[in-house]
Amino acid sequence: MKAPARVAVRIAARQSGSSPLQRRPLLLAARHIHSTSASPATVSPIHGTGPPPQPPSPAVDSTSARLERRRKHAALLEQAQEIRASSRHAPPSSSPTTSTKDNSRTSQSAPASPLARRRFWKHVHVREVDGALEVHLDKRPLRRPTNKEIVRLPASKPLLAAALALEWDLLVSAQQATKQHLIPLMSLVCRALDIADDDAGRDVEKTAGESKSLRTGIARMLMRYLDTDSLLCWAPPPRHGHDAPDARGNTLRELQKRAAEDVVAYLSTNVWPGVEIEPVLDGESIMPRGQKPETRQIIEGWIMGLSPWELAGLERAVLAGKGLLGAVRLIAEWSEGFIGIRGLGDEGEKRTFGVEEAAKLASIEVDWQIGNWGEVEDTHDVEKEDLRRQLGSVVLLVSGTGK
């Protein structure tokens, strides 16, 4: 044993009253961190009597009540902003005179007119003018933001005009009309009118990548989705417990294959007779394969022959569902034009392919994963409603009375 260690043992043994040879354990007294005496907690008695209250239930709400509440909130916010702006830029009462420089600075820093923050219309109407439908904000006709021309809808689309009027009636200020996510139907209608103007040879504002006509650019973009259509990309066959079947005994591959076969059979019979469409991703492959040249030529020619309303609706449906075949199936079911499968004599017959069917067709794999692993709040539910909203706007755009 080293010298410092022996000295420490001897000191400890001397303090405990024993020799270092007795090898007794050293018992050290417990020392508290603080010297405050412990006190028991005081429990307050419960004075409540009777059964527990019922859980809160959401109040019954309606569209008109929500709209009225939003208008009241917007009016209160506008009044508060005006009071704050007037008190901020009001001249001080203590100083009788101000210099010219201060007056110019005050006029430059004054806020803009509250007209932009206020809804300048009270009522929205749909009127028929010269054989076309127009949406009027009081007495002002609705105009396009690019060329300031009046938005004129075909007389055969009264539902589209009513939906567009409702979209503008739900706005509470003029500033909201500048936000695209609050007027999605207005942007879709303007897209169709831009395609019609471009077909007629009028000048249309284009993006940087649209050097040629709008119709040609849209057709080429849509044809790229044919090679990577989500409906034609199938999961590999299940192996060794992977991709176990669902409660009904169906695997993901079976659901995808069944949905694709139904849509392809419908399109090859009613829309593109005799056209052969093959899956672009099957088995263990990771690189999609393209369709036959004659198939691509027929489909591209069909897209180029669409009306401006059908072409704008097809573009919106393809971008929303990430697939061309499902969008074509929806357009062919609801279009009032010559590509519409249903004639004028079949108006009483119930349609079998609508917004809900198109949305389920575009999200087969997502629904499968949600069934296995659960739904992520504020993500899957929001995407689900947004997909149906966009597909519903497509149905409104292409449908009509056919007269």
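One structure accompanies this document, and this report is about it. All residue numbers refer to position in the chain's written sequence, counted from 1. Local features are withheld for residues below a pLDDT of 70 in this predicted model, meaning they are given only at 70 or higher, and side-chain atom pairs are given and counted only at 80 or more; totals for whole chains, interfaces and linings count all residues. Think of the side-chain values as coming from all heavy atoms in the structure, minus any hydrogens and water.

A separate point is the pairing of strand E1 (residues 124-129). Pairing of E1 with strand E2 (residues 132-137) involves 6 bridges; the strand directions are antiparallel. Of the residues in E2, the one forming a bridge with Val126 is Val135. We treat two strands as partners when DSSP finds at least two bridges between them. Helix and strand definitions follow DSSP, with helices as H or I runs of at least four residues and strands as E runs of at least two, each counted in order from the N terminus.

Next up on the list: the environment of Leu214. Along the polypeptide, Leu214 turns up in helix H6 (residues 214-227). As for Leu214 and Val204, which are separated by 10 residues in sequence, their C-alpha atoms are 8.9 Å apart.

By the secondary structure assignment, Ser156 is in the loop between strand E4 (152-154) and helix H4 (158-169). By the criterion applied in these results, polar contacts are pairs of N or O atoms within 3.5 Å in which, for protein atoms, one can donate a hydrogen and the other can accept it, and in which residues neighboring in sequence qualify only through two side-chain atoms. Here Glu336 takes part through its side chain, which lies 3.1 Å from a polar atom of the side chain of Ser156. Sequence-distant contacts of Ser156, defined by excluding residues within four places in its chain, comprise Glu336, Gly400, Thr401, Gly402 and Lys403. By definition, residues are in contact when any of their heavy atoms lie within 4.5 Å.

Nonpolar side chains in soluble globular proteins generally cluster together in the buried interior. Among buried residues, the Ala, Val, Leu, Ile, Met, Phe, Trp, Tyr and Cys ones that are joined through side-chain atoms within 4.5 Å form a nonpolar core. Exposure classes here rest on a 1.4 Å probe applied to the protein chains alone. A residue is buried below 20% of its type maximum, exposed above 50%, and partly exposed in between. Residues Trp272, Ile303, Leu314 and Leu325 are the most contacted members of the largest nonpolar core, which totals 80 residues. Those residues in contact with Trp272, other than ones at most four positions away along the chain, are Leu267, Ile277, Ile298, Ile299, Trp302, Leu325 and Val328.

We note that Asp130 has phi near 55°; this positive angle belongs to a residue other than glycine. Along the polypeptide, Asp130 turns up in the loop between E1 and E2. Residue Asp130 is classed as exposed on the basis of its relative accessible area of 71%. For Lys148, which is not glycine, the phi dihedral falls at a positive 60°. Structurally, Lys148 is set in the loop between strand E3 (140-141) and E4. Judged by its relative accessible area of 56%, Lys148 is exposed.

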